[in-house]
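# Tertiary structure, described
Each chain is listed here by its residues.
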Amino acid sequence: MTVQELPGAAAYRPTPPPAWKPLTDPAPLLPDPEPFRVLGTDAAAGADPELLLRLYAELVRGRRYNAQATALTKQGRLAVYPSSTGQEACEIAAALVLEDRDWLFPSYRDTLAAVARGLDPVEALTLLRGDRHTGYDPREHRIAPLCTPLATQLPHAVGLAHAARLKGDDVVALAMVGDGGTSEGDFHEALNFAAVWRAPVVFLVQNNGFAISVPLAKQTAAPSLAHKAVGYGMPGRLVDGNDAAAMHQVLSEAVARARRGEGPTLVEAVTYRMDAHTNADDATRYRGDSEVETWRAHDPIKLLERELTGRGLLDEDGMSTVREEAERMAEGLREQMNADPVLDPMDLFAHVYEQQTGQLREQADRLRVELDAEHGPNDENDENDENGVGDGR
């Protein structure tokens, strides 16, 4: 006898137990169908003129920084540089919405955000130069190390934010990632933990169209990356990533929400990577010039410049002053980066373990013998020996 043949089977309508029901109403978590904008809309009239001028100055400075860093790779002064040209509005807004006590967790492309937060431009490039592990003290600047693994900084941001909340510290973590990083497991784990713990985190996804050569459509079938937020129980916001005023407003709201204890937010900034993935990439192999030119018409600097000049807040003299300040920054960056750093190979063994292992001591001794044979003993190595580098002291 089958189930259908049992007495009363026709009236049986199976339903799942109550536990299946949504924990929250999904409707308020869904992003708007179109990216949020300020510039070029009625909302622009209410934007703070002082903020707009500061955003403009930082955007121009950031564009010049990207150009100078890219030039340094061609001169052999940098091993690699992932330019954020075209994405400056995302970078600058992320830096400006944070308080001094907050933390920024950048990806490898976010050197500009770190510089806008106050990090020395040279220190921001030290990792890409290959000199040291990071080049700056993360705790001092409240900026996590710039590093190339995709999305690994996101769980770190959640852990720090959760720990700060447990301690009662009024701290928000803002974690940046590219559209390619959303395909990594770290992304999903971070969002899930953040939502369950209601951690004070803001996730900023810079959707620049490509994960190296892979377009977004080959990574996800979701309506947008912002829609992924609802699956974890947090709001998703979709914003025009080239609209600096819109970026600042949306991120400010997300940071304020996190600080109030209302949990994380996922913000997707729709932007475009104008330059190649890095100086080692040939972008012409997977996208055409016409596509790039279309996005140039939506350049973040031009959008803000049009708003400021239209409201009489910026004229040619003002633009010239901003460009001159940016050029002075680039000149200082060139001078410092063109100076050869003084490096000690024995630093390879410093700061690996609190107490050096026997294997590392053996490797350090072997390298010291090779260096002495090649160059002869030097005072710098002797000083490191006295300080315990490589010998376990």
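What counts, and at which threshold
- For every chain, the first residue of the written sequence is number 1, and numbering continues from 1 along that sequence.
- With pLDDT at 70 or above as the cut-off, local features in this predicted model cover only qualifying residues; side-chain atom pairs require 80 or more to be listed or tallied, and sums for whole chains, interfaces and linings still use all residues.
- Where side-chain values are given, they derive from all heavy atoms of the structure, hydrogens and water being excluded.
- The predictor reports its confidence for every residue as pLDDT, a score running from 0 up to 100.
- Two residues qualify as a contact provided that any one of their heavy atoms is within 4.5 Å of a heavy atom in the partner residue.
- A run of DSSP states H or I qualifies as a helix once it reaches four residues; a run of E qualifies as a strand once it reaches two. Both are numbered from the N-terminal end.
- By definition here, a helix of n residues has an expected span of 1.5 Å times n minus one.
- In protein, a polar contact requires one atom able to donate a hydrogen and another able to accept it; more generally it is a pair of N or O atoms within 3.5 Å, and residues adjacent in sequence count only if both atoms are side-chain atoms.
- Accessible area is worked out with a 1.4 Å probe on protein chains only. A residue is then buried under 20% of its type maximum, exposed over 50%, and partly exposed in between.
- A pair of strands is labelled paired if DSSP reports no fewer than 2 bridges between them.
- With axes taken as lines fitted to C-alpha atoms, and helix axes fitted only over the stretch in contact, angles between N-to-C directions fall between 0 and 180 degrees.
- A clockwise course of the path from the first strand over the helix to the second, judged with the strands pointing away from the viewer, identifies a crossover as right-handed.
- Centre distance within 6.5 Å is the pairing criterion for rings of Phe, Tyr and Trp, where only the six-membered ring of Trp is used; planes under 30 degrees apart are then read as stacked, over 60 as edge-to-face, and the remainder as tilted.

## Points about the confidence of the model for the chain
Of the residues in the chain, 90% have a pLDDT of 70 or more, and the chain-wide mean is 90. Ignoring residues within four places in sequence, the model shows residues 380-393, a span with pLDDT below 50, making 25 contacts including any to other chains.

## Comments concerning helix α1 (residues 49-74)
Look at α1: 38 Å from first C-alpha to last across 26 residues, which is about the 38 Å you get at 1.5 Å a residue. Backbone nitrogen of Glu50 and a side-chain oxygen of the N-cap are separated by 3.2 Å at the start of α1; the cap is Asp48. One or two residues past the end of α1 sits Gly76, with phi positive at roughly 80°.

## Regarding the environment of Met176
Here Met176 lies in strand β2 (residues 173-178). Residue class for Met176 comes out buried when judged on its relative accessible area of 0%. When the C-alpha positions of Met176 and Val202 are compared, they lie 8.5 Å apart, and in sequence the two are 26 residues distant.

## Quick look at the environment of Asp275
Looking at where Asp275 falls in the secondary structure, it is placed in the loop between β7 (265-270) and α9 (289-296). The partly exposed category is assigned to Asp275, whose relative accessible area is 28%. Spatially, the C-alpha atom of Asp275 lies 9.8 Å from that of Asn66, the residues being 209 residues apart in sequence. In contact with Asp275, other than residues within four places in its own chain, are Ser83, Thr85 and Arg287.

## A closer look at the sheet that holds strand β6 (residues 236-240)
Judged by pairing direction, the sheet is parallel, and its five strands sit side by side in the order β1-β2-β3-β7-β6 without closing on themselves. Looking at strand neighbours, the two that pair on one side only are β1 (103-105) and β6, the edges of this open sheet. Between one strand and the next, the sheet's axes are offset by a mean angle of 20°, whatever the strand orientation. Relative to strand β3 (residues 201-207), β2 is paired through six bridges, and the arrangement is parallel. Each residue of the ladder has a partner; that of Val177, found in β3, is Val205. Sitting on the sheet, helix α7 (residues 185-197) touches β3 and β7, and the angle it makes with β3 is about 150°.

## Section: the pairing of β3
Along β3, seven of the seven residues are buried, which leaves the element largely enclosed by surrounding structure. The alternating pattern of β3 places Val201, Phe203, Val205 and Asn207 on one face and Val202, Leu204 and Gln206 on the opposite face, and all of these are buried. Handedness of the crossover joining β2 and β3 through α7: right-handed. Summarising the sheet, β3 and β7 pair through six bridges and their orientation is parallel. Within β7, the residue paired with Val205 across the bridge is Glu268.

## Considerations on the packing of aromatic side chains
Under the definition given, this model contains four aromatic pairs. Summarising the aromatic geometry, the rings of Trp103 and Phe105 are spaced 6.0 Å apart at their centres and angled 35° between planes, so their arrangement reads as tilted. An identical accessibility class is assigned to Trp103 and Phe105; each is buried. Between Tyr272 and Trp295, the aromatic rings sit 5.1 Å apart at their centres with planes inclined by 10°, giving stacked as the arrangement. With Tyr272 in the loop between β7 and α9 and Trp295 in helix α9, this pair connects stretches of sequence that are 23 residues apart. Classification of Trp295 as partly exposed rests on a relative accessible area of 23%.

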